[in-house]
Amino acid sequence: SFALEMPWPHLARNLARTRPPLEELSMMGMCIAENEFIDILKEAPSLRSLQACVRLSEAGAAALTLNSITSAVADSLIANETKVITTGLCPKLTSLDIPISVPCPPTSIISMISSRNSASPGFIGNTSQLSSADTDDMIAQSSLQDVQLVLSSSEAVNHVYRHPEIIACIQRGMQLDLLPY
């Protein structure tokens, strides 16, 4: 059985209008449509903790994935004291809890999780709406530390847990709780 999606039509517009320094967001009790979920996250760049009932598709996982560049390019940019800017919603996110079945493929979940718990310094997300101080703060504090997801099957859960990048994230201290639907 799938949770009923309820519209949240005014939250993204209200966040865009008021620009609160939102660090925690919990949208529980009813599910939100993924497109509205993404619109809300676009307006919450300083979000650190997110709990939401949303059926995250491959596109949703991609929106939460911090894109990276090759380590050679990163090393040269860091050596020249140039900030490495990548795309991805909620670059400060340290806690993610999506307690309903996520229908996207395990590879998308692996990419999203590993992109936010990298051993390489200097990878941050979309900073177009953040101040310089916020950007500097994110370089040190953008690591996803706590993830709770319900995946589509036991096979998907096993695939994610066995992936070398996920094993490395766990070894770096990430708390990962994946459950099959």
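The preceding data block contains the structure.
Residues numbered from 1 in each chain as written. Predicted model: local features only at pLDDT ≥ 70, side-chain atom pairs only at ≥ 80, totals over all residues. Heavy atoms only, no water.

**Student:** Please provide a residue-by-residue account of the overall build of the chain, values included.
**Tutor:** Broken down by element type, the chain carries eight helices and seven strands. Counting over 181 residues, the chain shows a buried share of 44%. Sequence separation of 24 or more characterises 76% of the internal contacts of the chain that already satisfy a separation of 6 or more. (Helix = DSSP H or I, 4+ residues; strand = E, 2+ residues; numbered from the N terminus. Buried < 20%, exposed > 50% of the residue type's maximum accessible area, 1.4 Å probe, protein only. Contact = heavy atoms within 4.5 Å.)

**Student:** A description of the sheet that holds strand E4 (residues 49-52) should follow, citing residues and the corresponding values.
**Tutor:** Ordered in space as E2-E4-E5-E6-E7, the five strands form an open sheet in which the pairing is parallel. Two strands bound the open sheet, and with one partner strand each, they are strand E2 (24-27) and strand E7 (175-180). Within this sheet the neighbouring strands show an average axis-to-axis angle of 10 degrees, counted without direction. (Pairing = 2+ DSSP bridges. Axes fitted to C-alpha atoms, helices over the stretch in contact; angles between N-to-C directions.)

**Student:** Run through the packing of helix H7 (residues 154-162) against helix H8 (residues 164-171), naming residues and quoting values.
**Tutor:** Running from N to C, H7 and H8 cross one another at 65 degrees; their axes reach a closest spacing of 5 Å. In terms of orientation, H7 lies roughly perpendicular with respect to H8. When H7 is examined against H8, the residues Val160, Tyr161 and Arg162 are found in contact with a partner set consisting of Pro164, Ile166, Ile167 and Ile170. (Parallel < 35°, antiparallel > 145°, perpendicular 65-115°, else oblique.)

**Student:** Tell me what's going on with the side chain of Asn117, and back it up with residues and numbers.
**Tutor:** Mapped onto the elements of the fold, Asn117 is located in the loop between helix H5 (106-115) and helix H6 (132-141). Here the side chain of Asn117 touches Leu144 through a polar contact of 2.8 Å, landing on its backbone oxygen. In this structure Asn117 touches Ser143, Leu144, Cys169, Arg172 and Met174, once residues within four positions along its chain are discounted. (Polar contact = N/O pair within 3.5 Å; in protein donor to acceptor, adjacent residues only side chain to side chain.)

**Student:** Describe the pattern of salt bridges, with residues and values.
**Tutor:** One side chain can pair with another of opposite charge once the charged atoms of both are near each other. For the coordinates displayed, the defined rule picks out one salt bridge. Note that Arg19 is salt-bridged to Glu43, the shortest N-O span being 2.8 Å. Taken together, the residues Arg19 in the loop between helix H1 (11-18) and E2 and Glu43 in the loop between helix H2 (34-42) and E4 connect sequence positions 24 residues apart. Using a relative accessible area of 44% as the deciding quantity, one classes Arg19 as partly exposed. (Salt bridge = Lys/Arg side-chain N within 4 Å of Asp/Glu carboxyl O.)

**Student:** Describe the nonpolar core, and please don't skip the residues or the numbers.
**Tutor:** The biggest cluster of nonpolar side chains holds 43 residues, and the ones touching the most others in it are Phe37, Leu50, Ile113, Leu149 and Leu151. If near-sequence neighbours (up to four positions away) are discounted, Leu151 is found in contact with Ser101, Val102, Ile109, Ala156, Val157, Val160, Leu178, Leu179, Pro180 and Tyr181. (Core = buried A, V, L, I, M, F, W, Y, C linked by side-chain atoms within 4.5 Å.)

**Student:** Lay out unusual backbone geometry in plain terms, naming residues and giving numbers.
**Tutor:** In this model, Arg19 sits at a positive phi of 50 degrees, which is unusual for a non-glycine residue. A positive phi angle, close to 50 degrees, is found at Cys90, a residue other than glycine. For Cys90, the position within the fold is in the loop between helix H4 (71-79) and strand E5 (95-102). We classify Cys90 as buried; its relative accessible area is 1%.

**Student:** For the environment of Met28, give the residues involved together with the corresponding values.
**Tutor:** Looking at the element boundaries, Met28 is found in the loop between E2 and strand E3 (31-32). When the C-alpha atoms of Met28 and Gln51 are compared, they prove to be 7.2 Å apart, with 23 residues separating the residues in sequence. Leaving out residues up to four positions away in the same chain, Met28 has contacts with Gln51, Ala52, Cys53 and Pro99.

**Student:** Talk me through the pairing of strand E6 (residues 146-151); I want residue IDs and the actual numbers.
**Tutor:** Taken together, the six bridges between E5 and E6 define a ladder with parallel strand orientation. Its bridge partner lying in E6, Ile98 is registered against Leu149. Relative to E7, E6 is paired through six bridges, and the arrangement is parallel. Looking at the pairing, Val150 lines up with Leu179 of E7.

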